[in-house]
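If you want the building blocks of each chain, they are given just below.
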Amino acid sequence: MKKLRLVLCLVVSLFCMTACGTSEPKVLSPELEKAAVGMSEYMVQGIFANMTSADAAKHAEVGAEKVAVSYENTYSISVDGNGMIGAATSWVSAKEDMGDLVSIDGSEVVSYDGKEIITNVKITGTKRTAVVEFIFKDNPYLTMKSAATNVDYTRLEKMEKAGLNTLLGMGTVFVVLILISLIISCFGIFPKLQAASEAKKKKKAVAAVDNTVAQIIEKEELSDDLELVAVITAAIAAGTGSSTDGFVVRSIKRVKTNKWQKA
C-alpha cells in the first residue's frame with residue numbers, strides 16, 4: 001500500500017512539473033500586428049519596388065552601419081544594416097525572374113514568439129508572383145532584422161532548375177576527374193624525360209672518354225715522332241758531316257707521294 005502511494009505521488013509530481021514547464025503561447029496585439037503588416041507593405045512598395053542592382057551594390061559598398069543610419073534619416077525606419085544589405089540583394093536577384101512589381105496581393109503575420117515577428121507579403125510581378133518574408137524585432141522601433149524574396153516557380157521550372165543543378169554538379173565532378181586522369185597520365189612522361197637526360201649524360205661521358213683516349217694516342221704518337229726526330233737528326237748530321245747542334249728538326253710531315261718511286 002505504501003509503495004502504491006509513493007508511485008502515485010511520483011506520477012502527480014511529474015504532471016505538475018510538466019505543467020509548470022509549458023509556457024502559454026505569445027499573443028500578438030492587434031496594434032503591433034497592424035504595424036508589422038503596414039511596415040512590410042511599405043518596404044515592398046516604397047523601397048524595394050524602386051531598387052536597382054546599382055542600389056543593392058551601393059548598400060554592400062557603404063557597409064551595414066551607414067545603411068542603418070541612412071534608412072533612419074531618409075525613411076525614418078529602423079533596420080539592421082546587414083539584414084538590409086541581404087534583403088536588397090535578395091530582391092534584386094529575384095527581380096530578374098519576377099519582373100517589376102505590379103501589385104500587392106495580401107500580407108499577414110505568420111509567426112510570433114515574443115521576440116520576433118515574421119510576416120509574408122504576396123506580390124505579383126510582370127513575369128511571376130513571389131512572397132517577401134520579413135523578420136522584425138519586437139521592440140518599440142519595430143526594427144527590420146532581415147527580408148528575403150522567394151519567387152513562385154511552377155513545378156516544371158523547379159524540375160528544370162533541379163536538373164540543371166544536377167548536371168552542373170555532375171559536370172563539375174567529371175571535369176575534375178578528367179583533369180586528375182590527365183595529371184596522372186602525365187606522370188609517364190617524367191621517366192622518359194629522365195631517360196633522355198641520362199642518355200645525354202652518357203653521350204657526354206662517352207665523348208669525354210673518346211677525347212681522353214685521343215689525347216693519349218696523340219701523346220703516344222708524339223713520343224714515337226720524338227724517337228723518329230732523333231733518328232733523322234742523327235742521319236742528317238752524319239750525311240752533312242755537321243753537328244746536331246747546328247740545326248733543329250721541329251716537325252715531320254708524311255708525304256703522300258713517294259718521290260723515290262718516281263725516281
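What you see as residue numbers is a count from 1 along each chain, following the sequence as written. In view of the model being predicted, local features appear only for residues whose pLDDT reaches at least 70, and side-chain atom pairs are presented and counted only at 80 or more, with totals across whole chains, interfaces and linings using the full set of residues. Values reported for side chains reflect all heavy atoms of the structure, with hydrogen atoms and water molecules removed beforehand.

With that settled, the discussion passes to the packing of helix α4 (residues 64-74) against helix α5 (residues 81-98). An axis is simply a line fitted to the C-alpha atoms; with a helix, the fit covers only the stretch in contact. Between two such axes, the angle follows the N-to-C directions and lies from 0 to 180 degrees. Starting at the N terminus, helices and strands are each numbered in turn, a helix being any DSSP run of H or I of at least four residues and a strand any DSSP run of E of at least two. Taken N-terminus to C-terminus, the directions of α4 and α5 make an angle of 85 degrees; their axes are 7 Å apart at the nearest point. By the angle class used here, α4 and α5 are roughly perpendicular. Facing Ala64, Val67, Ala68 and Tyr71 of α4, the residues of α5 in contact are Gly81, Asn82, Met84 and Ile85. Partitioning the contact of α4 with α5 into residue classes produces 6 nonpolar, 2 polar and no charged. Angles are sorted into four bins: roughly parallel if under 35 degrees, roughly antiparallel if over 145, roughly perpendicular if 65 to 115, and oblique for all others. Note on contacts: a residue pair is in contact if any heavy atoms of the two residues lie within 4.5 Å. Three residue categories are used. Nonpolar comprises Ala, Val, Leu, Ile, Met, Phe, Trp, Tyr, Cys and Pro, charged comprises Asp, Glu, Lys and Arg, and polar comprises the others, including Gly.

The pairing criterion is simple: DSSP has to find at least two bridges between the two strands. In spatial order, the strands read β1-β2-β3-β4; together these 4 strands make up an open sheet with antiparallel pairing. What marks the edges here is a single partner per strand, and that holds for β1 (101-112) and β4 (144-151). Here the average twist between neighbouring strands, direction ignored, is 20 degrees. Sheet topology places β1 next to strand β2 (residues 116-125); 9 bridges connect them, and they run antiparallel.

Our next topic: the pairing of strand β3 (residues 129-137). Consecutive residues of a regular strand have side chains that alternate between opposite faces of the sheet. For β2 and β3, the ladder comprises 9 bridges, and the chain directions are antiparallel. What sits directly across from Thr119, in β3, is Phe134. Linking two consecutive strands that pair antiparallel, namely β2 and β3, is a turn of 3 residues. Examined bridge by bridge, β3 and β4 share 7 bridges and lie antiparallel to one another. Within β4, the position partnered with Phe136 by the bridge is Met144. Counted along the chain from β3 to the antiparallel partner β4, the turn is 6 residues long, and its residue Leu142 has a positive phi close to 50 degrees.

Each reported salt bridge corresponds to a side-chain nitrogen of Lys or Arg within 4 Å of a carboxyl oxygen of Asp or Glu. This model, assessed by the stated rule, comprises 2 salt bridges. Here Lys95 and Asp100 are joined by a salt bridge, their closest N and O atoms 3.6 Å apart. Across the pair Lys145 and Glu116 runs a salt bridge, and its minimum N-O distance is 2.5 Å. Residue Lys145 is found in strand β4, and its partner Glu116 is found in strand β2; the two are separated by 29 residues along the sequence. Burial classes: relative accessible area under 20% of the type maximum marks a residue as buried, over 50% as exposed, and values in between as partly exposed (1.4 Å probe, protein chains only). The class for Lys145 is partly exposed, based on a relative accessible area of 35%. For Glu116, a relative accessible area of 23% gives the class partly exposed.

These values are about where atoms sit, not about what they do.
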